[in-house]
Amino acid sequence: MAAAAAARRGRLGREGRASLGSFLLGASVAALPLLLGSSPALLAAPGLRGRLALALHVAGVNAALLLLYPRPLYKIAVRACFLGFAFGCGLLLSAGRSAWRHFGWYMCSLSLFHYSEYLVTAINNPRSLSLDSFLLNHSFEYNLAALSSWVEFTLEKLLFPELKQITWLSTVGLLMVIFGDCLRKAAMLTAGSNFNHIVQNEKSDTHTLVTSGVYGWFRHPSYVGWFYWSIGTQVLLCNPICVVGYALASWRFFRERIEEEEITLIHFFGEEYLEYKRKVPSGLPFIKGVKLEL
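Note that the structure is predicted; figures quoted are calculated from it, not measured. (Residues numbered from 1 in each chain as written. Predicted model: local features only at pLDDT ≥ 70, side-chain atom pairs only at ≥ 80, totals over all residues. Heavy atoms only, no water.)

Trainee: Before we go on, may I ask you to explain the packing of aromatic side chains in this structure?
Mentor: Each aromatic ring pair is specified by the distance between its two centres and by the angle formed by the two planes. One pass over the full model with this rule turns up 16 aromatic pairs. Relative to Phe 87, the ring of Phe 23 lies with its centre 5.8 Å away and its plane at 45 degrees, an arrangement referred to as tilted. Of this pair, Phe 23 sits in helix H1 (residues 2–27) while Phe 87 sits in helix H4 (residues 71–95), and the two are 64 residues apart along the sequence. A single burial state applies to Phe 23 and to Phe 87, both of which are buried. Taking the centre distance of 5.1 Å and the plane angle of 75 degrees together, the rings of Phe 253 and Phe 254 count as edge-to-face. Judged by its relative accessible area of 34%, Phe 253 is partly exposed. Overall, the relative accessible area of 3% leaves Phe 254 in the buried class. Taken together, Phe 113, Tyr 142, Tyr 223, Trp 226, Trp 229, Phe 253 and Phe 254 form an aromatic cluster joined through their ring pairs. (Phe/Tyr/Trp six-rings, centres within 6.5 Å; stacked < 30°, edge-to-face > 60°. Helix = DSSP H or I, 4+ residues; strand = E, 2+ residues; numbered from the N terminus. Buried < 20%, exposed > 50% of the residue type's maximum accessible area, 1.4 Å probe, protein only.)

Here you go:
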């Protein structure tokens with residue numbers, strides 16, 4: 001049994017290391033301007049040289065992953081590499097002075113959020129680690145919301161280009177993104193193996209009620225972080241329609257999610273959780289959690 005557990009930890013350790021190496025390999029696209037002796041604004045510049053360099057980079061990196069990793073690890077590596085590539089492309093856009101600069105900030109924020117979800121899970125709770133830990137297939141609604149934000153940004157950039165150049169507003173959005181993501185990751189690290197991307201319906205032997213750290217500030221700090229991160233991405237993009245849409249959709253989603261989760265937590269911990277619930281707010285505006293009929 002001990003040998004099996006050690007082998008499992010080793011395998012999961014390899015998964016984490018493979019993802020990190022692949023993410024960095026994908027992000028190395030940001031070094032292309034140095035290799036080509038060109039402007040950092042490689043993606044925004046006209047011409048075929050930069051596009052060809054990107055295509056060759058993608059082909060070369062994918063070939064390296066195929067050679068380095070067997071199929072189970074390759075599935076992890078290719079996702080982490082894709083997110084690293086998006087992060088590196090975001091850095092390239094951010095380094096330029098084009099109208100796409102703030103979209104580069106957004107690409108960095110989005111790709112780092114999804115990759116760090118996997119990495120923190122690998123560190124924190126390897127037993128629950130899977131390809132779903134990247135949250136790339138979170139839900140149809142999540143993907144539709146992301147697509148809507150890209151469409152709004154592009155259309156408004158074409159019709160009202162000055163709207164996308166409000167640097168102070170994009171900076172506020174970036175600070176919201178950083179705060180939200182840091183709060184969420186702090187919650188994941190504080191909860192340790194108690195944290196899971198899927199609401200648990202059965203209590204495990206190691207499941208404990210976490211009330212310290214950021215859980216002393218809010219009952220649901222990971223949701224609070226995600227809530228402000230998601231709205232911050234749209235403030236960053238100066239997307240007025242999606243700011244409102246994301247705020248309403250996220251609020252409704254987390255209200256329902258918190259109520260569902262708190263029913264389970266009350267079932268798990270009884271009066272201990274009820275006392276915690278009375279003392280600590282949910283952290284989200286106008287969401288008090290499940291209501292109990294006395």
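Now, onward.
Trainee: Explain the UniProt feature "transmembrane region" (unreviewed entry) in the protein chain to me, please; I cannot follow it from the model alone.
Mentor: UniProt annotation of "transmembrane region" (unreviewed entry) refers to residues 54–69, 76–97 and 226–249 when read in the numbering used here. End C-alpha to end C-alpha, residues 54–69 measures 22 Å, and it is 94% helix and 0% strand. Within the segment residues 226–249, helix and strand shares are 88% and 0% respectively, and the terminal C-alpha atoms sit 12 Å apart. (UniProt positions renumbered as here; feature names shortened; annotations may be inferred.)

Trainee: I keep staring at helix H5 (residues 101–124) and nothing clicks. Help me out?
Mentor: One turn of the α-helix equals 3.6 residues, which is why residues spaced by three or four share an orientation. Given a rise of 1.5 Å per residue, 24 residues ought to cover 34 Å, and the 34 Å separating the end C-alpha atoms of H5 matches this to within 8%. Along H5, 20 of the 24 residues are buried, which leaves the element largely enclosed by surrounding structure. (Expected span 1.5 Å × (residues − 1).)

Trainee: Is there a simple way to explain the packing of H4 against H5 in this structure?
Mentor: A pair of packed helices is captured by two measures, namely the crossing angle of their axes and the spacing between those axes. Where H4 meets H5, the closest approach of the two axes is 7 Å, and the angle between their N-to-C directions is 155 degrees. Overall, the two elements H4 and H5 adopt an arrangement that is roughly antiparallel. In the packing of H4 onto H5, the handedness of the crossing is left-handed. Contacts between H4 and H5 pair Ile 76, Ala 80, Leu 83, Ala 86, Phe 87, Cys 89, Gly 90, Leu 91, Leu 93 and Ser 94 from the former with Arg 101, Phe 103, Gly 104, Trp 105, Met 107, Cys 108, Ser 111, Leu 112, His 114, Tyr 115 and Tyr 118 from the latter. In terms of residue class, the contact of H4 with H5 is built from 15 nonpolar, five polar and one charged. (Axes fitted to C-alpha atoms, helices over the stretch in contact; angles between N-to-C directions. Parallel < 35°, antiparallel > 145°, perpendicular 65-115°, else oblique. Left-handed = near helix turned anticlockwise from the far one by under 90°. Contact = heavy atoms within 4.5 Å. Nonpolar A, V, L, I, M, F, W, Y, C, P; charged D, E, K, R; others polar.)

Trainee: I would appreciate a short explanation of the domain arrangement of the protein chain in the present structure.
Mentor: Interfaces are often sized by the accessible area lost when the parts come together. By domain assignment, the protein chain separates into domain 1 (1–136) and domain 2 (138–287). Using C-alpha coordinates to define each centre, domain 1 is positioned 23 Å away from domain 2. Across the boundary between the two partners, domain 1 contributes 21 residues, which contact 33 residues of domain 2. Here domain 1 meets domain 2 over a buried area of about 2,500 Å², counting both sides, of which 63% is carbon and sulfur. Ranking the residues of domain 1 by area buried against domain 2 places His 102, Tyr 106 and Phe 113 at the top, with a combined share of 25%. Taken together, the links from domain 1 to domain 2 amount to two salt bridges. The salt bridge involving Glu 117 is made with Arg 184; its shortest N-O contact spans 2.7 Å. Summed over the shared surface of domain 1 and domain 2, the number is 13 residue pairs in polar contact (both at pLDDT 80 or more). Per-class residue counts for the side of domain 1 that touches domain 2 are 10 nonpolar, nine polar and two charged. (Domains from an automatic or database assignment. Buried area = accessible area lost by both parts, 1.4 Å probe. Salt bridge = Lys/Arg side-chain N within 4 Å of Asp/Glu carboxyl O. Polar contact = N/O pair within 3.5 Å; in protein donor to acceptor, adjacent residues only side chain to side chain.)

Trainee: Can you help me understand the nonpolar core in this one?
Mentor: Across soluble globular proteins, nonpolar side chains show a tendency to be buried alongside one another. Ranked by size, the top nonpolar core spans 49 residues in total, and within it Phe 103, Tyr 215, Trp 226, Trp 229, Tyr 273 and Leu 284 carry the most contacts. Listing elements by their share of this core, those giving two or more residues are helix H3 (48–68), H4, H5, helix H6 (140–159), helix H7 (167–191), helix H8 (221–236), helix H9 (240–269) and helix H10 (271–279). No other element matches the eight residues that H8 contributes to this core. Three or more residues apiece are contributed to this core by two domains, here domain 1 (1–136) and domain 2 (138–287). (Core = buried A, V, L, I, M, F, W, Y, C linked by side-chain atoms within 4.5 Å.)

Trainee: Mind showing me how you'd approach a nonpolar patch on the surface here?
Mentor: On the surface, Phe 140, Leu 144, Leu 147, Trp 150, Val 151, Leu 155, Leu 158, Leu 159 and Phe 160 cluster together into a nonpolar patch covering about 940 Å² of accessible area. In this structure, Leu 159 sits in helix H6. Judged by relative accessible area, Leu 159 falls into the exposed class, the value being 60%. (Patch = residues over 30% accessible without salt bridge, like charges linked within 9 Å, V, L, I, M, F, W, Y side chains within 5 Å. Areas by Shrake-Rupley, 256 points an atom, 1.4 Å probe, with all protein chains shown as cover.)

Trainee: Looking at this model, I keep getting lost on unusual backbone geometry. Mind explaining?
Mentor: Across residues other than glycine, the phi torsion is negative in most instances, and most of the peptide bonds are trans. We note that Leu 135 has phi near 60 degrees; this positive angle belongs to a residue other than glycine. Tracing the backbone through its elements, the reader meets Leu 135 in the loop between H5 and H6. Note on Leu 135: relative accessible area 7%, which makes it buried. In the Ramachandran plot, Cys 238 falls in the positive-phi region, its phi being about 55 degrees despite a non-glycine side chain.

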